[in-house]
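Fold and geometry: a report
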Amino acid sequence: MTGVLITKWDGDEAELTRAAELYARVFAEQPYREEVEASRTSFMERIRRYGASKPHLRLVLAKDGADVVGLALGTGIAAGDWWRDRIAPLLEHDARARWFGDGCFSVMELAVALAHRRSGIAANLMDALLKDLPYATAVLSRYAEAEDAGRFYASLGWREIATGIRIGDSPALCVLARDLR
Ligand SMILES: CC(C)(COP(=O)(O)OP(=O)(O)OC[C@H]1O[C@@H](n2cnc3c(N)ncnc32)[C@H](O)[C@@H]1OP(=O)(O)O)[C@@H](O)C(=O)NCCC(=O)NCCS
């Protein structure tokens, strides 16, 4: 992590473009294999849309000089959120109430450039992303196949609350949750 700074995105457009480039590069890897140009465009479009429609948007960046080498993205979610409304009904009543409640924080994206992995960047991004939020819990889904991500979240104490879930024709997903207080 030497020389890498963790900062909240301040709305700078050039920095958002660099973040989108990192995002597209990372999610072109296995097991995601997203098409680079489409994922770059959809990342930027989602940031704008979430900023206008969801509470507590946070985009945290890891920067090595001007280079964006990591990012973490999340927002508050409640009933009406597309992802939440597909995942929450699949859980038992108690788990749904415990983790989703009337609202919670959704971690939507996490990515670190290949050359910078295993130096604590993602752990620091998650600390900054989840700090001082007005929610009791955080939730996320990951591809079941994404084993590095699984080991990462387990190392930070995230609990698996559902597995083998599919949304439409998505690959199998694991749903993870943790307390924020
Ligand atoms: C998952 C990811 C974000 C982790 O980023 P990172 O900066 O390398 O993670 P950190 O260095 O902060 O790791 C913290 C701890 O998590 C665990 N961990 C992280 N990556 C791991 C791996 N590949 N294998 C085993 N444990 C791992 C370790 O316990 C690690 O501590 P250690 O290095 O002291 O042993 C990164 O691998 C990545 O961008 N993957 C591709 C995108 C992705 O899958 N994103 C998540 C989508 S849900």
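Please refer to the structure placed before this passage.
Every value quoted in this text rests on a predicted model; they were computed, and no experiment measured them.

Turning next to the overall build of the protein chain. Assigned secondary structure in the protein chain consists of 6 helices and 7 strands. For the protein chain, the N- to C-terminal ordering of α and β elements is β-α-α-β-β-α-α-β-α-β-α-β-β. The C-alpha atoms of the protein chain give 16 Å as radius of gyration, which agrees with the globular expectation for 181 residues (16 Å, within 12%). For the protein chain, the spread of C-alpha atoms along the three principal axes comes to 45 × 30 × 30 Å.

Attention now goes to the sheet that holds strand S6 (residues 159-165). With mixed pairing, the 7 strands of this open sheet are ordered in space as S1-S2-S3-S4-S5-S7-S6. For this open sheet the edge positions go to strand S1 (4-8) and S6, each flanked by a neighbour on one side alone. Each strand axis lies, on average, 20° off the axis of its neighbour in the sheet, ignoring direction. In terms of strand pairing, S1 meets strand S2 (residues 58-64) through 5 bridges, oriented antiparallel.

In this section: the site of the ligand. Around the ligand lies a shell of 21 residues, among which Tyr32, Leu110, Val112, Arg118 and Gly120 are the nearest. Here an oxygen atom of the ligand and a backbone polar atom of Val112 are 2.9 Å apart. With respect to the ligand, the backbone of Arg118 contributes an N or O atom lying 2.8 Å from an oxygen atom. In terms of residues, the shell around the ligand owes the most to one element, helix H6 (residues 147-155), which gives 6 residues. For the shell around the ligand, the class distribution of residues is 12 nonpolar, 4 polar and 5 charged.

Once that is clear, we can look at the pattern of salt bridges. Applying the stated rule across the entire model yields 11 salt bridges. We note a salt bridge from Glu15 to Lys63, for which the minimum N-O separation is 2.7 Å. Here Glu15 is found in helix H1 (residues 13-26), whereas its partner Lys63 is found in strand S2, with 48 residues between them in sequence. Taken as a pair, Glu15 and Lys63 share a single burial class, namely buried. With a shortest N-O distance of 2.6 Å, Lys54 and Asp81 are connected by a salt bridge. Placement of Lys54 in the loop between helix H2 (36-53) and S2 and of Asp81 in the loop between strand S3 (67-77) and helix H3 (82-87) is noted, with a sequence separation of 27 residues between them. Assessed through its relative accessible area of 8%, Asp81 is described here as buried.

For the structure on display, the rule yields 0 disulfides. Its sulfur unpaired, Cys104 is 17 Å from the next cysteine sulfur, which belongs to Cys174. A relative accessible area of 4% places Cys174 in the buried class.

A word on H1. Taking 1.5 Å per residue, 14 residues should reach 20 Å; H1 reaches 20 Å between its end C-alpha atoms and fits that length. Regarding H1, the residues found buried are Glu15, Leu16, Ala19, Ala20, Leu22, Tyr23, Ala24 and Val26. By the N-cap criterion, in which a side-chain oxygen at the helix start approaches the backbone nitrogen of a residue two or three places on, H1 is capped by Asp12, the distance to Ala14 being 3.2 Å.

Definitions and cut-offs
Residues numbered from 1 in each chain as written. Predicted model: local features only at pLDDT ≥ 70, side-chain atom pairs only at ≥ 80, totals over all residues. Heavy atoms only, no water. Helix = DSSP H or I, 4+ residues; strand = E, 2+ residues; numbered from the N terminus. Rg over C-alpha atoms; globule rule 2.2 N^0.38 Å. Pairing = 2+ DSSP bridges. Axes fitted to C-alpha atoms, helices over the stretch in contact; angles between N-to-C directions. Near = heavy atom within 4 Å. Polar contact = N/O pair within 3.5 Å; in protein donor to acceptor, adjacent residues only side chain to side chain. Nonpolar A, V, L, I, M, F, W, Y, C, P; charged D, E, K, R; others polar. Salt bridge = Lys/Arg side-chain N within 4 Å of Asp/Glu carboxyl O. Buried < 20%, exposed > 50% of the residue type's maximum accessible area, 1.4 Å probe, protein only. Disulfide = S-S within 2.5 Å. Expected span 1.5 Å × (residues − 1).

Coordinates in, geometry out; function isn't part of it.
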